[in-house]
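Listed here are the chains, written in short residue letters.
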Amino acid sequence: MRVFVTGVNGYIGAVLAPYLMDRGIEVVGLDTGYYRDGWLYSDNRLMRRSPYTIQKDLRDISPEDLRDCDAVAHLAELSNDPLGQNNPQVTHAINHLGSVALAAAARARGIPRFVYTSSCSVYGAATSEFVDESSTVNPQTAYATCKALVERDVGAMADQTFSPVFLRNATAYGPSPRMRFDIVLNDLSALAWTMKKIVMTSDGSPWRPVVHLLDICEAIYRSLIAPSEAVHNKILNVGQNSENYRVRELAQLVAKEFPGCEVIVGKSGGDTRSYRVNFDRIHRELPGFKCRFSAADGAHQLHEIFRRIEFSSEMYQFRAFTRLKQLRYLLDTRQLDEQFRWRTDAVLES
Ligand SMILES: NC(=O)c1ccc[n+]([C@@H]2O[C@H](COP(=O)([O-])OP(=O)(O)OC[C@H]3O[C@@H](n4cnc5c(N)ncnc54)[C@H](O)[C@@H]3O)[C@@H](O)[C@H]2O)c1
C-alpha cells in the first residue's frame, strides 16, 4: 500500500511516516516546510526511515501528485489560532479549500481511502457534559470552523469508490523531533523542567481531552487498513474516556513527574465552558484500535528526552516549536507573503 501523507514534516507527521513505514506501508510525503527550522532531538528509529517528500503547497496540489497512491492521510493545515493572529482568510484557503481540493483530486484519481485529521475542537464551548460524534458541533475559531466544513464537504463526496474517514483527535502530546510546545501537556512539561514552576492564570477547571501522538498514528494506520465498510464516511473521536482531564489535573500530574515543581493555581476566570469527550465509538468500530498511553506516560517520556538533550529555556522558547511564533517570524522577515506563500529572495535576483 502506498499512502500520500501531507504535513509529513510536522509534529505528528514526522512520527507518523516512520510509524507507517515500519508497518510495511510505502509513504510519499508532501509539506511546504513552515517549521523546518525546528528539530528538537535525533532518534535513529525515526530518522532511518524518511519518506520521499514533495515540497509543495497544499493549495497547488494536482491529481498527478497522487500518482500510484492507494490512500491519503491528510495532516497539512495551519494550526489552531485561538487569538486570531493569522488571517482567517488564509486559514480558510489552506485548511478548508486546500483540504477539499486534495480530497477531490484523490477521488478523481480513483483513490479509495481518505483519512482526515480533524479535531475535538469542533465541539467548541460545550457544557461540561460528555459530547460524542452525534453531538452538535460548535466551533469557536476559524481553525475549528474549517475542520467542520471539511468534514461536511468531503463527507458529501463519499460514494462507492471513495471512503473518507474523519478522525477528531483530542489535543496531542508526547515527544516528536518536530516538537510543539504550544499544546498543553508539552507546554506544562517544558515549564516544569525549565522553571520548576507552573503558574496558572486561571483556576484550571476547564476539561481537556488529550491523546498521545502515537495513539493518533495508530488510529490513522488502522483507518488506512480497515475494510471500507468499517470506516466509510465515519467520524471517530480519537482518545480514551479516562484521558479527559481538568487543566489543573494535568498540571498536577506533570508536577508529580518533575519533582520539585510547584503548581500555583490562579483565580476562576469566570469562564466555566468546557467539554468532555466520549471515545467509545473508535474502540467499538475501528478494527484493532486501542490507545496505549496515558498523560502520565507522555510526561515521563518528555522528562526522559529533556534530560537526555539537556533541554533549556532557550530551546523551549525557540520560535519553531510554537507554530504561531514561527509563522509570525516568517512573515516579519518577508520569507512568506501575506498569503503564506514563500517569497523569492530578491537579494539573489539582483
Ligand atoms: N497536534 C494536535 O494537538 C492536533 C489535535 C487535533 C488535530 N490535529 C491535526 O493534525 C494535523 C497535524 O497536526 P500537527 O500538530 O502535526 O501540526 P503541525 O503544524 O506540526 O504540522 C502541520 C504540517 O503541515 C505543513 N503545512 C501547513 N500548511 C501547509 C500548506 N499550505 N502546504 C503544505 N504543507 C503545509 C506544515 O509545514 C507542517 O509541517 C493538523 O491537521 C491538525 O489540525 C492536531
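First things first, this report covers the structure right here in the doc. Because the structure is a prediction, the values reported are computed rather than measured.

Description of the sheet that holds strand E10 (residues 207-212)
Strand pairing in a sheet is mediated by backbone hydrogen bonds. Such pairs are either parallel or antiparallel.
Here is step 1: Pairing is mixed in the open sheet, where three strands are placed in the order E8-E10-E12. The sheet is open, and its two borders are formed by strand E8 (171-173) and strand E12 (244-246), each paired with just one other strand. Mean inter-strand twist for the sheet, computed between neighbouring axes without regard to direction, equals 50 degrees.
Here is step 2: Two elements, E10 and E12, share three bridges in a ladder whose sense is antiparallel. Paired with Trp-207 across the bridge in E12 is Arg-246.
Here is step 3: Sitting on the sheet, helix H8 (residues 247-257) touches E10 and E12, and the angle it makes with E12 is about 90 degrees.
Here is step 4: Across the sheet, helix H10 (residues 295-309) lies against E8, E10 and E12, angled at about 60 degrees from E10, the strand it touches most.

Describing H10
Here is step 1: In this model, H10 (15 residues) spans 21 Å end to end at C-alpha, consistent with the 21 Å of a helix rising 1.5 Å per residue.
Here is step 2: Regarding H10, the residues found buried are Ala-295, Gly-298, Ala-299, Leu-302, His-303, Ile-305 and Phe-306.
Here is step 3: Looking at the packing, one finds that the buried side of H10 touches E8, helix H5 (184-195), E10, E12 and H8.
Here is step 4: Looking one or two residues beyond H10, the residue adopting positive phi is Glu-310, at roughly 55 degrees.

Cut-offs applied
- Residues numbered from 1 in each chain as written.
- Predicted model: local features only at pLDDT ≥ 70, side-chain atom pairs only at ≥ 80, totals over all residues.
- Heavy atoms only, no water.
- Pairing = 2+ DSSP bridges.
- Helix = DSSP H or I, 4+ residues; strand = E, 2+ residues; numbered from the N terminus.
- Axes fitted to C-alpha atoms, helices over the stretch in contact; angles between N-to-C directions.
- Contact = heavy atoms within 4.5 Å.
- Expected span 1.5 Å × (residues − 1).
- Buried < 20%, exposed > 50% of the residue type's maximum accessible area, 1.4 Å probe, protein only.

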